[in-house]
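Residue-level structural notes
Okay, here's what each chain looks like letter by letter:
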Amino acid sequence: MKRISFLLLISLLALPLMASSFTGRPMMFAGSYMMRAYGSEANYWNPALVDFEKIDFWWPLLDTGVLISNNTFDLDFYNRVMGKGEISKEDKDLLIQNMDGNLRVNMLAQTNLLGFNIGGAALSASLHNYNRAAFSENYLKLLLYGNEEEEYLFSNKHNNLASISFADVTVGMGAIRIPLPEKYPDINFGWSGSLLLGIHELKTTRFDGVFRSNFDGLKLQQDVVLRKGVGGFGFKGMIGFATSPAENLDVGLTLDNILGNIQWMLGKQETHYKISADSIYVADLESEFYVREEVDRNIKSYSTRFPMEVALGALYDAKMVSLSADLRQGFGESPLTSKTGTLSVGAEFKQLDFLPIRLGFSTGNSIAPWRVAYSVGLRAKPIELSFGVQSVQSLFPGYKTKGVSFALSFRTGI
Amino acid sequence: MKRPVLFLLVILLFLVVGCEIKKPVFPEWDLNLRVPLMNRSFFVSDLVDSVNIVLGDDDVLVLRGTGFAYTQEDTKVRFTPQVNASGVPLVSGVNPPLSFPIADAQNRVELWYGVISAGAVKVRFNNINPQTQQAKLTFNGIYLPNGSAFEIEYDGNTDWVSYPLAGYGIGNADLSAQFDQMNVNVTVSSSLPNGTVVGSVDVQLNERINFSEMHGKLNDFDIPALENAGTISIDYPENLENTVRLMEAKLKLIVQNEVGFMCEIQGAIKAERTDSGQQVIVPLVNDDGTAMIVPAADANGAGTEVFTLENGIGNMMQIMPNKISLINMKYVLRPDLMSGIGSIRSTERLLCNYQVDVPFTMIFFDNYLKLKHPIELSIDKDNRRMFENNIGEADLQFLVLNNLPLGCEMQMIFSEQRDVDHLDSSTYLMKKVVTLHSKQWVENNPNDPSVNSDGEQLISFKLTQDEMNIFSKPTIYLNLVFNMEGSNGQQVSIKGTTADHVRVKSMIKAKLHVTEDI
């Protein structure tokens, strides 16, 4: 337990990996969940799947997912360094290679508050928290190699902090059959609309820095603007389509984050941190050699936009096993979405009806590495309790994993 | 199918829980630091302290040594009269006045008037008739402080009696003429008939008289300067005499004469190297060979004269003397130096302040200079440990813009003992050599790899890890030896304008071993 706690602890430097909803159950399939969702959960994955046949009820807080990851450090590296008591050049090179520009740390958590569906309509509410931090590899180079180069530049691209938390109250309707000629398979349509209640947002809107050391002295300049918002309202919409083109095969299409944004209304503030020092020499250090400024100013109401995201999903559901695949593409970068396409695949083995076993795999994107999910559940209809873990950048959770996630799901449904 | 999947999950559980996690320790690693150390401009004019280094003509830097030679405060003018009269009859009634020639036995003093600080007249009355009522001598040339003439009256004593004259004036107070005759009136009264000899008197005024004030003329009267009153001591680097040829030097004497006589300065200036015994003595005469004459003081105050000597002074300084002093210096007072009479008081002095000015105009030879005293470097425990454990190697770099016509190769010699032979490597631990070229050299070699487009010279001072360990000793000594860049026989002047400076930017590149302590 102590070791598991430690794994959690070292991963507390964190950032979100996944788009869309990631309550406990979807994480067990590494996000390949579009065509697996039903009932109130379909509000987030494909509202076309909200139907009359499958009804469920979300118990508060019992469908929860937490994910912590980074792109650089793993337990193997930690043990190697601690075992030797030194960081060799090979260790440094490996770290820089792993960073690929910057150290990215993600932490996200989502839990349900309430959810149920009646007929073709569903109501759900959940709580979201996304955190992402990125630090340029130049900082690590300075720390480990020293200032071997004359100049180091820092920008918002490689150094940023984004944190947002909000709750949603989502209403969706599905199983709306699109009238098509008989020769075409039935296609269901669904929609969901989410009222978003912003809790907080924190984001670096500017990060400029330079560190230079040469015969003209040492120059240090750091210019950071941190935007903070507390309390806001917003909306996002989603439409989805689903059909069964063949026996046991369901496919779907969704467009998410339509008009997605949160308007921050209450505590709106921008903090400008500025540290500058120029032409500094050791011989002059007796005097105050740097200028530090921290200025808070209130700003106008602003909105956080969520770029739209399109996703394709497929599910082959046989008697003993179900296989799924999701392809997801965002149209912009945000704590929720990535411009890099992601492919997720999942499987559920159902040989023992009371003991479903699930596996999942997701390719990485611009803000998160690839990962593998494992899960086991206990099912006694209409109740199901499942636990899952994810291993980041490692096939199995262990020395090579760069993050872990934990998923809990308690469902009651018919 | 289900068994392998279950087995896989169980394995996963063990993988997670079974991971070994090492105990955290502070790791150590090496990193390379580039730390800018300083950016300073060192102006030649900063050397000017207006005392020892001053700006001379055309802003040329001048090394200045100053000294003084004063005469003592109690100058004694001695006068030895030769009055010795014996058996001068005392006649009752009218006596003719006595007159004695009075002149200096050594013929040095021609007295017009003086105030006596020490001296006496001796008188003895002989065979005085008992009926004598009064016998009195009145010295018309000697005056009491109240202006009345000095008198000696017979009181019954027939032995020699010495009468001190301290405080009394002698001579012609109005300075109307030389005082060369002493007139003495003799007054005798008795009950005997006039013309009767009632006795005799002996008068002696032949012992030395000191004057606290004297008016008249002085022949070859010397007033010596106090010896060792002001010696200039200079500390030069070793072998400077073989590295630098000074092109000029001046000796300037500023003399204030409080005495009312013109005088001639006599003596010499002696420069010596106490280590080699070399000496150069230059007589104190004007450059044209004439004597240096100082005007007399007058009603407006002391007579002042400034003498500037150049002949021989440059050669004198060429030996790089470490001691310069005035020797056998005296002021000679002669009547031929001035018409009329002069005056002197015992409190009056002659004050001579002198300075040796050596402009920094010289020719440099390709030779070495060595600081005589090494620099002692004490390294505290924390720094020693850091040098030993944390600093791997270092490269101390300088970017130097040298605007001076001086260049040198500097040898930094680190040793455990104070004295080292820079040519014998067994006497020191480490020698590092860096070269700084002169401005002229840089202008003539703009494409040299050590010179950048701004004319700055990059000087690198690298230390390996073994060499770094030298600094783990508590005390080491740094000896500096400079091999000067020769000026090819060209005369070089070091000036003190704002353009004459050296700008130094420095940076250290060091490999640092990071540990928990640092």
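Note on numbering: residues in each chain are counted from 1, in written sequence order. Both sets of labels track the order of writing: A upward for chains, 1 upward for ligands. In keeping with the model being predicted, local features are shown solely for residues with a pLDDT of at least 70 and side-chain atom pairs are shown and tallied solely at 80 or more, while totals for entire chains, interfaces and linings include all residues. Hydrogens and waters are ignored; side-chain quantities use all the structure's heavy atoms.

Considerations on the overall build of chain A
- Strands here are runs of E lasting at least two residues and helices are runs of H or I lasting at least four, both read from the DSSP assignment and numbered beginning at the N terminus. Across its full length, chain A carries 6 helices and 17 strands.
- Taken over the C-alpha trace, chain A has a radius of gyration of 24 Å; the compact-globule value for 414 residues is 22 Å, and the two agree within 12%.
- Principal-axis analysis of the C-alpha atoms gives chain A an extent of 85 × 50 × 40 Å.
- Counting over 414 residues, chain A shows a buried share of 54%.
- The contact criterion used throughout is that any non-hydrogen atoms of two residues lie within 4.5 Å. Across chain A, contacts joining residues at least 24 apart in sequence account for 68% of those joining residues at least 6 apart.
- Only the protein chains shown count as cover for residues, and all accessible areas are computed by the Shrake-Rupley method using a 1.4 Å probe. Of the roughly 18,000 Å² that chain A leaves accessible, carbon and sulfur atoms contribute 65%. Every radius of gyration here is taken over C-alpha atoms, with the globule rule written as 2.2 Å times N^0.38, N being the number of residues. Burial classification: accessible surface area is computed with a 1.4 Å probe over protein chains only, and a residue below 20% of its type maximum counts as buried, one above 50% as exposed, and the rest as partly exposed.

Quick notes on the overall build of chain B
- Across its full length, chain B holds 6 helices and 36 strands.
- Each principal axis of the C-alpha distribution contributes one length, and for chain B these read about 180 × 55 × 40 Å.
- Counting every position in chain B, which comprises 518 residues, the buried fraction comes to 46%.
- Partitioning the intrachain contacts of chain B with sequence separation of at least 6 by distance along the chain shows that 85% fall at a separation of at least 24.
- On chain B, roughly 25,400 Å² of surface is accessible, and the fraction owed to carbon and sulfur atoms is 49%.
- Side-chain charges of chain B comprise 41 positive and 62 negative groups, with the mean position of each set lying 10 Å from the other. We treat Lys and Arg as the positive residues and Asp and Glu as the negative residues; His and chain ends play no part in the count. Charged groups are reduced to one reference atom each: NZ for lysine, CZ for arginine, CG for aspartic acid, CD for glutamic acid.

What about the sheet that holds strand β30 (residues 391–402) of chain B?
Residues and elements named next belong to chain B.
- A pair of strands is considered paired only if DSSP assigns at least 2 bridges between the two. Strands sit in the order β1-β36-β30-β33 across an open sheet of 4 strands; the sheet is antiparallel. Strand pairing shows two members of the sheet lacking a second neighbour, β1 (29–43) and β33 (457–463), which therefore form its edges. Averaged over neighbouring strand pairs, the angle between their axes works out to 15 degrees when direction is ignored.
- By the bridge criterion, 7 bridges tie β30 to β33 in an arrangement that is antiparallel. Bridging from a neighbouring strand, L399 pairs with L458 of β33. Every axis in this analysis is a line fitted to C-alpha atoms, fitted for helices over the stretch in contact. Angles between the N-to-C directions lie between 0 and 180 degrees.

Some points on the side chain of D357 of chain B
Residues and elements named next belong to chain B.
- Checked against the element boundaries, D357 lands in strand β26 (residues 350–359).
- The exposure class assigned to D357 is buried, which follows from its relative accessible area of 11%.
- Polar side-chain contacts of D357 include one of 3.2 Å to the side chain of Q355.
- Residues in contact with D357, not counting those within four places in the same chain, are V62, L63, R64, A249 and K250. Any pair of N or O atoms that falls within 3.5 Å is considered a polar contact. Within protein, one atom must be able to donate a hydrogen and the other to accept it, and sequence-neighbouring residues count only if both atoms are side-chain atoms.

So, the confidence of the model for chain A
- pLDDT: the predictor's confidence for each residue, scored from 0 to 100. Of the residues in chain A, 94% have a pLDDT of 70 or more, and the chain-wide mean is 88.
- Overall, residues 1–20 of chain A carries pLDDT values under 50, and its contacts beyond four positions in sequence, including any with other chains, amount to 76 contacts.

Regarding the interface of chain B and chain A
- Listed by partner, the interface residues are 40 residues for chain B and 47 residues for chain A.
- Contact with chain A buries area across many residues of chain B, yet I21, R34 and P36 of chain B alone supply 18% of it, more than any other trio.
- Any Lys or Arg side-chain nitrogen located within 4 Å of an Asp or Glu carboxyl oxygen qualifies as a salt bridge. The tally of links from chain B across to chain A stands at 3 salt bridges.
- Between E150 of chain A and R34 of chain B there is a salt bridge, with its nearest N and O atoms 3.7 Å apart.
- Linking chain B to chain A there are 18 residue pairs in polar contact (both at pLDDT 80 or more). Defined in terms of a 1.4 Å probe, buried area is the accessible area two parts forfeit on being brought together, summed over both.

Some thoughts on a nonpolar patch on the surface
- On the surface, a cluster of nonpolar side chains totalling about 910 Å² of accessible area is made up of L123, V169, V171, M173, I176, W191, L195, L197, F233, M265 and L266 of chain A.
- Residue assignment for the nonpolar patch shows that the elements contributing at least two residues are β5 (160–177), β6 (187–214) and β8 (249–280) of chain A. Two joining distances apply to patches: 9 Å for like charges and 5 Å for nonpolar side chains (Val, Leu, Ile, Met, Phe, Trp, Tyr), and every residue must have over 30% relative accessible area and no salt bridge.

Regarding the packing of aromatic side chains
- For this analysis, a ring pair means two rings from Phe, Tyr or Trp (six-membered ring only for Trp) whose centres lie within 6.5 Å, classed as stacked if their planes differ by under 30 degrees, edge-to-face if by over 60, and tilted for the remaining angles. A complete count under the given rule lists 23 aromatic pairs over all chains for this structure.
- Taken together, a centroid distance of 6.5 Å and an interplanar angle of 50 degrees make the contact between Y152 of chain A and F211 of chain A tilted. A residue pair is termed long-range when its members are at least 10 positions apart, and Y152 of chain A in strand β4 (residues 151–154) and F211 of chain A in strand β6 qualify at 59 residues.
- Under the relative-accessibility criterion, F211 of chain A is labelled buried at 16%.
- Put simply, the rings of F139, F150, Y163 and Y168 of chain B pair up and form one aromatic cluster.
- We call a charge positioned over a ring when the NZ of a Lys or the CZ of an Arg lies within 6 Å of the ring centre and within 35 degrees of the ring normal. Seen from the ring of Y38 of chain A, R411 of chain A lies directly overhead, with NZ or CZ sitting 5.2 Å from the centre.

So, helix α4 (residues 75–84) of chain A
Residues and elements named next belong to chain A.
- Turning to α4, its buried residues are L75, F77, Y78, N79, V81 and M82.
- Two or three places before D76, at the opening of α4, D74 has a side-chain oxygen 3.2 Å from that residue's backbone nitrogen.
- G85 lies just past α4 and shows a positive phi near 75 degrees.

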